[in-house]
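# Notes for the structure review
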Amino acid sequence: MMEVYQLLGDIKLEFDDSHLNYDKETYQRELDLDNATVQIKYTVDGVEFSREHFASNPDQVMVTKISGTKPGSVSFTVYLDSKLDHHCKTNGESQIIMEGHCPEKRIPPQVYADDKPKGIQFSAVLDLKISKGNGIVHILDDSKLRVEGSDWAILFLVASSSFDGPFTKPSDSKKDPTSDSLNVLKSISNLSYVDIYAHHLDDYQNLFRRVSLQFSKSSRSVVCLKKNQDGRVPTTAERIKSFQMDEDPYLVELLFQFGRYLLISSSRPGTQVANLQGIWNKDLEPKWEYVYIPHYIHQSITWIVTGSVTSVLSSAPHLNINLEMNYWPSLPCNLSECQEPLFDFLSSLSVNGRKTAEVNYETSGWVVHHKSDIWAKSSADAGDVDWALWPMGGAWLCVHLWEHYTYTMDIDFLKDKAYPLLKGCGLFLLDWLIEGKGGYLETNPSTSPEHDFIAPDGNRASVSYSSTMDMAIIKEVFSVIVLAAEVLDKNEDDLVKRVRKAQSRLYPTKVAKDGSIMEWAQDFQDPDVHHRHLSHLFGLFPGHTMTIESMPDLCKAAENTLHKRGEEGPGWSTMWKAALWARLHDSEHSYRMVKHLIYFVDPEHEKAFKGGIYSNLFAAHPPFQIDANFGFTAAVAEMLVQSTLEDLYLLPALPRDNWGNGCVEGLVARGGVTVNICWKEGNLHRLGLWLKNRKSWRRFRLHYRETMVSVNLSCETMYTYNGRLDCVNTYSLL
């Protein structure tokens with residue numbers, strides 16, 4: 001069974017009844033992506049009230065500032081609450097402490113006081129500051145604070161848990177969450193609101209401002225984003241609803257940067273990995289799962305704690321596409337630091353995965369299946385065999401290790417972190433493969449994630465041998481091991497020799513009678529040709545073993561497969577299709593997938609597995625899953641820039657009419673190259689390149705349409721090219 005994340009609690013704000021009569025014309029609520037700050041404004045009887053929220057990563061505190069334009073106008077009650085077993089008390093004259101624990105079991109949910117506190121302990125401390133001169137704070141019921149007549153009030157919220165890593169039982173943890181929270185508040189006690197906000201901006205904008213993107217339509221198209229008839233700028237919901245007609249390119253920009261904001265907000269060094277709802281789940285029993293960093297929900301503020309609880313419905317990271325998709329934008333979109341939690345998680349998985357490999361399969365190395373959790377679960381989960389029996393989760397994640405190296409060229413990372421994990425994964429795969437017909441090395445048993453086929457006896461089945469995805473992932477991992485060994489001068493290692501011998505014997509990808517890629521080793525009848533998973537196209541994207549240059553026939557079959565699968569499906573599936581079409585350099589179909597995602601979903605009338613986005617730009621499965629937001633950002637980047645360690649493809653899938661004019665700065669290509677591109681009327685206008693790795697030079701082939709130019713790039717130099725790929729300028733970055 002899987003362990004899941006639990007909501008820690010809420011900050012509850014209660015205002016006077018007069019606030020119910022606010023002037024609706026003045027109400028504004030916005031999230032500013034450039035400064036990661038939420039602001040709410042409205043007017044009551046001529047007084048403008050505002051609430052500003054942000055979460056400071058460097059100071060580890062959530063901050064809310066409430067103010068009014070009239071002196072002494074701020075009055076409200078604040079308290080803490082939780083759906084888990086907890087108790088609250090005031091501490092001094094301006095603090096509230098909430099302490100609680102997660103239940104041991106959650107089948108059915110057990111969150112009451114008679115439950116033995118065997119789960120993770122948690123604590124939250126709220127510290128209140130008000131204006132000097134005006135205002136007073138009252139203590140209510142020894143658990144609430146009442147502000148009266150202040151000019152402004154600032155709430156500082158710190159939360160901690162007793163979680164002490166995946167290998168420490170909650171009952172064995174020595175951590176004191178309340179003490180930890182109070183220590184954090186003490187560390188910032190001499191900092192002003194302005195100081196903490198400055199720390200937040202410096203930390204966040206260092207990441208967010210690395211990439212800029214501007215789109216506009218070609219002159220042949222109508223420019224959008226018109227004001228409404230009443231003169232208002234349209235709301236986000238109105239823009240989504242009109243996208244199918246106006247195809248607003250500025251909304252695409254917004255969604256692209258929203259994905260980067262979400263990744264920055266949910267995956268930082270020291271946090272848990274970003275998974276199915278990221279940090280934005282609002283339910284004690286969520287659909288699928290979530291993680292634990294602070295976040296905002298409607299008029300209350302909610303944050304999450306990791307818990308030792310069990311559920312069939314919900315778990316944590318899903319490794320057969322969702323977790324991987326969450327990290328697709330991290331490297332091309334210049335957020336490599338945000339991958340660190342993924343690699344920490346992978347290291348923990350390999351520890352437990354070694355036991356699973358030995359006990360369950362009597363193999364060497366390590367293995368991880370479809371569903372995991374904060375305790376780094378590696379074994380197969382209880383559930384339907386078409387998803388539970390899938391020992392390729394860890395292998396897929398290992399591909400991210402090599403990708404990180406190719407984008408950063410960090411050889412220490414490759415040597416110390418990546419290669420040891422790749423080695424363990426490779427040892428398992430070599431033992432897992434068996435010799436089949438014709439001398440091929442195959443996997444048996446084998447499934448294609450979450451999909452069935454019609455067996456020869458006419459019944460639905462899901463277990464076969466050598467599914468195309470199994471073999472594609474193994475080919476990718478073996479290729480990565482060989483490439484890493486060449487960089488690290490480990491070609492004579494026994495593992496590398498075994499991998500090289502095995503590579504030529506791996507079961508090949510085959511084409512079905514209808515011209516599509518075969519999903520299984522046999523050409524079984526597919527009972528659901530529009531199935532949401534694109535597992536058998538892994539080699540095309542995110543893999544690299546199937547390319548237009550090296551395998552044009554298979555790429556043609558991949559194109560047929562995409563046509564066969566159709567355009568319907570949940571958001572993440574739509575974005576996988578967008579990236580696949582982009583890898584085929586098909587701008588028309590890639591853009592169709594982008595457009596297909598951007599349609600409005602009303603959460604009160606949503607249809608499962610139909611995709612779309614909500615009014616707050618969260619991607620719909622439905623229900624809500626965050627992966628399509630990340631997939632959208634990655635797919636747009638793939639439409640603009642593609643790369644290998646030797647080749648750089650410029651605007652390979654640009655929809656020339658829809659995004660006819662534009663400029664992107666700060667994308668990253670493999671080889672550690674930062675890429676700036678501007679284009680006009682669908683044609684390349686200017687290109688800028690510079691190496692991020694300041695210890696090397698590299699040779700690249702630049703590709704734009706039918707033009708190919710070889711260039712040498714030296715570190716610490718910016719190179720500028722025109723639309724014909726002529727170098728027109730260079731200057732030093734020193």
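Residues numbered from 1 in each chain as written. Predicted model: local features only at pLDDT ≥ 70, side-chain atom pairs only at ≥ 80, totals over all residues. Heavy atoms only, no water.

## Here's the deal with the packing of aromatic side chains
If you walk through the whole model with that rule in mind, you get 32 aromatic pairs. When the centroid spacing of 5.7 Å and the interplanar angle of 40° are considered together, the rings of Phe15 and Phe76 count as tilted. Taken together, the residues Phe15 in strand S1 (residues 2-15) and Phe76 in strand S6 (residues 74-81) connect sequence positions 61 residues apart. Seen in terms of ring centroids, Phe54 and Tyr193 are 5.8 Å apart; in terms of plane orientation they differ by 70°. Their pairing is edge-to-face. Highlighted residues: Phe54 in strand S4 (residues 47-56) and Tyr193 in helix H2 (residues 193-208), separated in sequence by 139 residues. Among the residues examined, Phe54 registers a relative accessible area of 0% and is labelled buried. Judged by relative accessible area, which is 13%, Tyr193 ranks as buried. Feature note: the residues Tyr204, Phe208, Phe258, Tyr261, Trp280, Phe618 and Phe624 constitute an aromatic cluster, connected by ring pairs. (Phe/Tyr/Trp six-rings, centres within 6.5 Å; stacked < 30°, edge-to-face > 60°. Helix = DSSP H or I, 4+ residues; strand = E, 2+ residues; numbered from the N terminus. Buried < 20%, exposed > 50% of the residue type's maximum accessible area, 1.4 Å probe, protein only.)

## Topic: the state of the cysteines
All told, the structure shown has one disulfide when counted by the stated rule. Two residues share a disulfide in this structure: Cys663 and Cys678, whose sulfurs sit 2.4 Å from each other. Of note, the bridge from Cys663 to Cys678 carries an S-S torsion of about -45° and is left-handed in sense. In this pair, Cys663 sits in strand S22 (residues 661-669) while Cys678 sits in strand S23 (residues 673-680), placing the two residues 15 residues apart along the sequence. Each of the two residues, Cys663 as well as Cys678, counts as buried. (Disulfide = S-S within 2.5 Å.)

## Brief notes about the environment of Ile279
Turning to its location among the elements, Ile279 is positioned in the loop between helix H4 (249-266) and strand S14 (295-297). Placed 16 residues apart in sequence, Ile279 and Leu263 show a C-alpha to C-alpha distance of 10 Å.

## Regarding the domain arrangement of the protein chain
For the protein chain, the assigned domains are domain 1 (10-104 + 116-183), domain 2 (213-276 + 567-733) and domain 3 (335-551). On a C-alpha basis, the centroid separation for the pair domain 1 and domain 2 is 37 Å. With five residues of domain 1 at the interface, the matching set in domain 2 holds six residues. When domain 1 packs against domain 2, the two sides together hide about 470 Å² of surface, and 73% of this comes from carbon and sulfur. When the buried area of domain 1 at its contact with domain 2 is split by residue, Leu31, Leu33 and Asn57 rank highest and sum to 78% of it. Taken together, the connections running from domain 1 to domain 2 amount to zero salt bridges. Viewed at the interface, domain 2 and domain 1 are joined by zero residue pairs in polar contact (both at pLDDT 80 or more). (Domains from an automatic or database assignment. Contact = heavy atoms within 4.5 Å. Buried area = accessible area lost by both parts, 1.4 Å probe. Salt bridge = Lys/Arg side-chain N within 4 Å of Asp/Glu carboxyl O. Polar contact = N/O pair within 3.5 Å; in protein donor to acceptor, adjacent residues only side chain to side chain.)

## Thoughts on the pattern of salt bridges
Tallying each qualifying case throughout the model produces 25 salt bridges. The partner of Asp248 in a salt bridge is Arg239, and the shortest N-O contact between them spans 3.1 Å. Neither Asp248 nor Arg239 differs from the other in exposure class; each is buried. Among the salt bridges present, the one from Arg532 reaches Glu450, with a minimum N-O distance of 2.8 Å. Here the residue Arg532 occupies a position in the loop between helix H11 (494-503) and helix H12 (552-565), and Glu450 occupies one in the loop between strand S17 (441-442) and strand S18 (453-454), the gap between them amounting to 82 residues. No difference in accessibility class separates Arg532 from Glu450, as the two residues are buried. Ionic contacts of the salt-bridge type, sharing partners, join the residues Asp16, Arg146 and Glu148 into one network.

## Observations regarding the packing of helix H8 (residues 393-408) against helix H10 (residues 468-488)
Where H8 meets H10, the axes come as close as 9 Å, and the angle between the chain directions of the two elements is 35°. When you trace H8 past H10, the crossing you get is left-handed. Contacts between H8 and H10 involve Ala395, Trp396, Val399, Trp402 and Tyr405 on the former and, on the latter, Met469, Ile473, Glu476, Val477, Val480, Leu483, Ala484 and Val487. Taken together, the residues of the contact of H8 with H10 break down into 12 nonpolar, no polar and one charged. (Axes fitted to C-alpha atoms, helices over the stretch in contact; angles between N-to-C directions. Left-handed = near helix turned anticlockwise from the far one by under 90°. Nonpolar A, V, L, I, M, F, W, Y, C, P; charged D, E, K, R; others polar.)

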